Amino acid sequence: MRVRVNGEYLDTNVDSIWKLRDECGYPSENTVVIKNGYQTSEDVELTEGDIVSFIKKGVMPDEKQLAELMRARHTPGVYDAVKDARVVIAGLGGLGSNIAIMLARMGVGHLHLIDFDTVDASNLNRQQYYIRHLGMYKTDAMKELLGEINPFIEVATDCVKITEENVLSLVENADVVCEAFDNPAAKAMLTEAVLTRTDKVLVAGSGMAGIDSSNTIKTKKVMNRFYMCGDGVTGAGDGIGLMAPRVTVCAAHEANMIIRIICGMENV
Amino acid sequence: MIKINGEEKHFDSPTTVSDYIKDAGFKTERIVVELNRNILPKSEYDNTVLKDGDTVEIVSFVGGG
């Protein structure tokens, strides 16, 4: 029968996943086995057309191997949809830093990160930076982090403030624009600019401060090309802080909607 | 009849988008206005008079991210 092993077709006579692992020369210890997107720790029957990955624990794969692992681990079709996608992330604070990392883990092939700010110690309560990044531009710090997660995706950065004047040139190559600012006026400016002056899809966030229920955070399709995540009302302010859990929940809503749009799903 | 954020509104005198935003207490710089399924640029708020049959959605952003 013919199966696919680590991205290559293989004709084999063995009938189980353990026998295939032995045939391919992977040790029984320290090998992760994924069959048709699902990790197995037990021997299972091998059937025609199975897609199998053998992964040596603790070893950095090359580009092709990593791609094959993501193809194997994601839901079928998702990796191939996202690998060529282009997403602009506007703002690298609590929303944008989390979204960038999630999209890199998904294997989104082209990320364009935009932020003008540097990492300070008050960011560490919710943003995906480390002590070693204090004082660095967020664009540089995030590019470094993404390189440690997936060194094979293209990460472009612009350390600038997005304005009505430069917004069009900054988003022109994007399939999807992700609004991840902190400032509500900046959120409104980017939203209006993208929706009135481009044909891009925009995913925005509003309302994720405090420690209210996670379940009030939703993804809504406001109109064609415009999605909004958050509870819509809970802004940061005197007496209401921005903290990791709800900001991360909202970031995940934005990231998942971006993935859905890339995969051709327009509904929330 | 004019529908604004799901509620039916009547105006006794000609009312622009700017007038309504001011009266309703929205902060112009924090909102996006959708008029009949299209985003209305801020530059049009002053000279867009709301008319019978219009559907308006005002999306207001709060801070935080």
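Predicted model, so just to flag it, every value in this text is computed and none were measured. Sequence order as written defines residue numbering, which begins from 1 separately in each chain. Ligands are numbered from 1 and chains lettered from A, in the order in which they are written. It should be noted that, the model being predicted, local features are given only for residues of pLDDT at least 70 and side-chain atom pairs only at 80 or more, the latter also being counted only at that level, while totals for whole chains, interfaces and linings use all residues. Heavy atoms throughout the structure, all of them, feed into the side-chain values; hydrogens and water do not.

### With respect to the domain arrangement of chain A
Residues and elements named next belong to chain A.
Part 1: Annotation of chain A at the domain level lists domain 1 (2-73) and domain 2 (79-262).
Part 2: A separation of 35 Å is found between the C-alpha centroids of domain 1 and domain 2.
Part 3: For this analysis, residues touch if any pair of their heavy atoms sits within 4.5 Å. Opposite the eight residues of domain 1 that make contact, domain 2 presents nine residues.
Part 4: In short, buried area is how much 1.4 Å probe accessible area vanishes from two parts on joining, totalled over both. When the two sides are added together, the surface that domain 1 and domain 2 hide from each other amounts to roughly 640 Å², 69% of it contributed by carbon and sulfur.
Part 5: When residues of domain 1 are sorted by the area they lose upon contact with domain 2, Glu63, Met70 and Arg71 head the list and together hold 69% of the total.
Part 6: Any Lys or Arg side-chain nitrogen located within 4 Å of an Asp or Glu carboxyl oxygen qualifies as a salt bridge. Ionic pairing is found between Arg71 and Asp80, a salt bridge with its closest N-O pair at 2.9 Å.
Part 7: Definition of a polar contact: a pair of N or O atoms within 3.5 Å, with one able to donate and the other able to accept a hydrogen when the atoms are protein atoms, and with sequence-neighbouring residues admitted only if both atoms are side-chain atoms. Applying the counting rule to domain 1 against domain 2 returns one residue pair in polar contact (both at pLDDT 80 or more). As used throughout, domain bounds are those supplied by an automatic or database domain assignment.

### A short note on the packing of aromatic side chains
Part 1: Whether two aromatic rings pair depends on their centres lying within 6.5 Å, for rings of Phe, Tyr and Trp, where Trp uses its six-membered ring; planes under 30 degrees apart make the pair stacked, over 60 edge-to-face, and the rest tilted. The full count for this structure, using the stated rule, is two aromatic pairs over all chains.
Part 2: Relative to Phe54 of chain A, the ring of Tyr26 of chain A has its centre 5.3 Å away and its plane inclined at 35°; by these criteria the two rings are tilted. Of this pair, Tyr26 of chain A sits in the loop between α1 (17-23) and β3 (31-35) while Phe54 of chain A sits in strand β5 (residues 51-56), and the two are 28 residues apart along the sequence. This pair shows no difference in class: Tyr26 of chain A is buried, exactly as Phe54 of chain A is.
Part 3: Pairing Phe11 of chain B with Tyr20 of chain B gives two aromatic rings, centres 6.0 Å apart and planes at 75°, and the pair type is edge-to-face.
Part 4: Each residue gets one of three labels from its accessible area relative to the maximum for its type: buried under 20%, exposed over 50%, partly exposed in between, using a 1.4 Å probe on protein chains only. The partly exposed category is assigned to Phe11 of chain B, whose relative accessible area is 29%.
Part 5: In our convention, an over-ring charge means Lys NZ or Arg CZ found within 6 Å of a ring centre and within 35 degrees of that ring's normal. Directly above the ring of Trp18 of chain A sits Arg21 of chain A, whose terminal nitrogen or CZ lies 4.4 Å from the centroid. Only DSSP runs of H or I covering at least 4 residues are called helices, and only runs of E covering at least 2 are called strands; the numbering of each starts at the N terminus.

### Details of the sheet that holds strand β5 (residues 55-60) of chain B
All names here are of chain B.
Part 1: Strand pairing requires that DSSP identify at least two bridges connecting the strands. Here we have five strands laid out as an open sheet, ordered β2-β1-β5-β3-β4, and mixed in their pairing. Edge positions in the open sheet fall to β2 (7-9) and β4 (38-40), since each of these has one partner strand only. Taken over all neighbouring pairs, the strand axes of this sheet differ in orientation by 30° on average, direction set aside.
Part 2: In the sheet, strand β1 (residues 2-4) pairs with β2 via three bridges, with the strands oriented antiparallel. Within the sheet, the bridge partner assigned to Lys3 lies in β2 and is Glu8.
Part 3: Fitted lines through C-alpha atoms give the axes, limited to the stretch in contact for helices. The angle between two N-to-C directions lies from 0 to 180 degrees. The strands touched by helix α1 (residues 17-24) within the sheet are β1, β2, β3 (31-35), β4 and β5, with β3 carrying the most contacts at an inclination of about 130°.

### Looking at unusual backbone geometry
Residue and element names in this part refer to chain A.
Part 1: For Asn30, which is not glycine, the phi torsion reads 60° and is therefore positive.
Part 2: You can call Asn30 exposed: its relative accessible area is 52%.
Part 3: Although it is not a glycine, Asn36 adopts a positive phi angle of roughly 50°.

### Overview of the packing of helix α4 (residues 94-106) of chain A against helix α8 (residues 244-262) of chain A
Residues and elements named next belong to chain A.
Part 1: Their axes nearest at 8 Å, the elements α4 and α8 cross at an angle of 45°. By the angle between their axes, α4 is oblique relative to α8. Between α4 and α8 lies a crossing whose hand is right-handed. Across from Gly94, Leu95, Asn98, Ile99, Met102, Leu103 and Met106 in α4, the residues of α8 making contact are Val247, Thr248, Cys250, Ala251, Ala252, Glu254, Ala255, Ile258 and Ile259.
Part 2: Residues are grouped as follows: nonpolar covers Ala, Val, Leu, Ile, Met, Phe, Trp, Tyr, Cys and Pro; charged covers Asp, Glu, Lys and Arg; every other residue, Gly included, is treated as polar. For the contact of α4 with α8, the per-class residue count stands at twelve nonpolar, three polar and one charged. Each angle is binned into one of four classes, with values under 35 degrees roughly parallel, values over 145 roughly antiparallel, values of 65 to 115 roughly perpendicular, and all other values oblique. Should the near helix be turned anticlockwise from the far one by less than a right angle, the crossing is left-handed, and should it be turned clockwise, the crossing is right-handed.

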